[in-house]
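Observations on the model geometry
Each chain is listed here by its residues.
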Amino acid sequence: MNTLSRNIALDILKLVMAFIVIGLHTQFLHDFTKVGNFLTCNGVFRIAVPMFLLINGFYFYSFACEKKYIHWFKRVLFLYLFWMMVYSYFWWKPFEISLETLLAILEIFLVGYLHLWYLAALLGAALIMIIVKKFSAKTLVAAILITFLSGTAIQYAGNYHIFDMPLLDRVANTKWVYRNFLFFAFPFFSIGFFINKYDVHKKISFELSLIVTVIGFILVLGESYLNLLSPINDKDFDMLVSLLILCPILFILFMNFEFKGGSKQFALYASGVYFVHLIILFAYRKFMHLNSIELTLAVIATSLFISFFLIKINSKLKFIL
């Protein structure tokens, strides 16, 4: 994609989403309000990864049209391998060699360590997209609904312990069973692809997208609040049905801003913040005692500072951001 035609609004959106991911991992309001913390960390903050997937799916359409798959996959794969190596200190156990440990390491490598699951899922979603890219609009929409609602149903069944059999309950409460390339990444990646392919963003006005975005936020908060009220569930909620409404329309809202430019700085800072923030978070938690808001702000500030240097390095080594 020609950088002169970049929509800077999307890059700003990515940076805001990276900050939201930090707030999610630091439990932004944990030390101040139980309700507020739940409605953010199990509610509105859950828009972040779907928005990343939507943006990537939107731009992937250009690669699909030009059949430049290899270039795209190499870039994402190298990015994944590099950051898995950076975080290997936390997941690699070289002195505990056993079949169980090796299987655990294999699982981490295939699924992705903590926030790096996003890149592994992104690769899988793109592979599926190549297969289904010629589907009709109706068929693709059906595939999006079936996969996302199936994953969401598994998550809800696990969180609310619908299954009496311990094995089924344990499976339904295993994150990678539902939060994966098929049930989570593919639907949102496909929506971004779909929006670009059919120019959906050009057919919905700013006013309408703003109104529906507000409604979408209300729906997310409402669904999250209902989960909070239930005495049964005891897990996190990565997938909310209402995200299927909010995330696409929020994406379209930002597309309507159309801040054109040639700089990738916001996008690079978003990547840097997203990838490096957990190392910083681990360090702060080990060496300092901060409340949840102080911790969030400290991690954001430090992540931005380190990202400045990562961007400089990335100008020479193109595979780190």
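One structure accompanies this document, and this report is about it. Treat the numbers as computed from the prediction; the structure is a model and nothing was measured.

1. Observations regarding the overall build of the chain
Per the secondary structure count, the chain includes 15 helices and two strands. For 321 residues, the compact-globule estimate of 2.2 N^0.38 gives 20 Å, and the chain sits close to it at 20 Å. The 321 residues of the chain split such that 52% are buried. A fraction of 82% describes how many contacts in the chain between residues 6 or more apart in sequence connect residues 24 or more apart. Of the charged side chains in the chain, 26 are positive and 16 negative, and the gap between their average positions amounts to 13 Å.

2. So, unusual backbone geometry
The phi dihedral of Gln-27 falls on the positive side, at around 55°, and the residue is not glycine. Here Gln-27 lies in the loop between α1 (8–26) and α2 (34–41). We note that Asp-199 has phi near 50°; this positive angle belongs to a residue other than glycine. Taking the relative accessible area as the measure of exposure, Asp-199 reaches 29% and is therefore partly exposed.

3. Section: the environment of Lys-260
Examined against the element boundaries, Lys-260 turns out to sit in strand β2 (residues 260–261). As a C-alpha pair, Lys-260 and Ala-48 span 212 residues in sequence and 23 Å in three-dimensional space.

4. Details of a nonpolar patch on the surface
On the surface, a nonpolar cluster with roughly 1000 Å² of combined accessible area is contributed by Leu-77, Phe-78, Leu-81, Leu-99, Leu-103, Leu-106, Phe-109, Leu-110, Ile-313, Leu-317 and Phe-319. Within the residue set of the nonpolar patch, elements represented by two or more residues are α4 (69–86) and α6 (99–111). Per-element accounting of the nonpolar patch gives the leading share, five residues, to α6.

Cut-offs used in this document
- Every chain's residues receive numbers from 1 upward, in the order its sequence appears when written.
- The model is predicted, so local features are restricted to residues of pLDDT at least 70 and side-chain atom pairs to those at 80 or more, both for listing and for counting; the totals for chains, interfaces and linings are taken over all residues.
- With hydrogens and water excluded, all non-hydrogen atoms of the structure serve as input to the side-chain values.
- Secondary structure counts use DSSP, requiring at least four H or I residues in a row for a helix and at least two E residues in a row for a strand, with both numbered from the N terminus.
- In this treatment the radius of gyration is a C-alpha quantity, and the globule benchmark scales as 2.2 Å times the residue count to the 0.38 power.
- Burial status follows relative accessibility: with a 1.4 Å probe on protein chains alone, a residue under 20% of its type maximum counts as buried, one over 50% as exposed, and anything between as partly exposed.
- Note on definitions: a residue-residue contact is assigned when non-hydrogen atoms from the two residues lie within 4.5 Å.
- Counted as positive: Lys and Arg. Counted as negative: Asp and Glu, with His and the chain ends omitted from the count.
- Every charge is mapped to an atom, namely NZ of Lys, CZ of Arg, CG of Asp or CD of Glu.
- Residues qualify for a patch when their relative accessible area is over 30% and they have no salt bridge, like charges being joined within 9 Å and the nonpolar side chains of Val, Leu, Ile, Met, Phe, Trp and Tyr within 5 Å.
- For accessible areas, the Shrake-Rupley method is used with a probe of radius 1.4 Å. Any residue's cover is judged against the shown protein chains and nothing else.
- One speaks of a salt bridge when a side-chain nitrogen belonging to Lys or Arg is within 4 Å of a carboxyl oxygen belonging to Asp or Glu.

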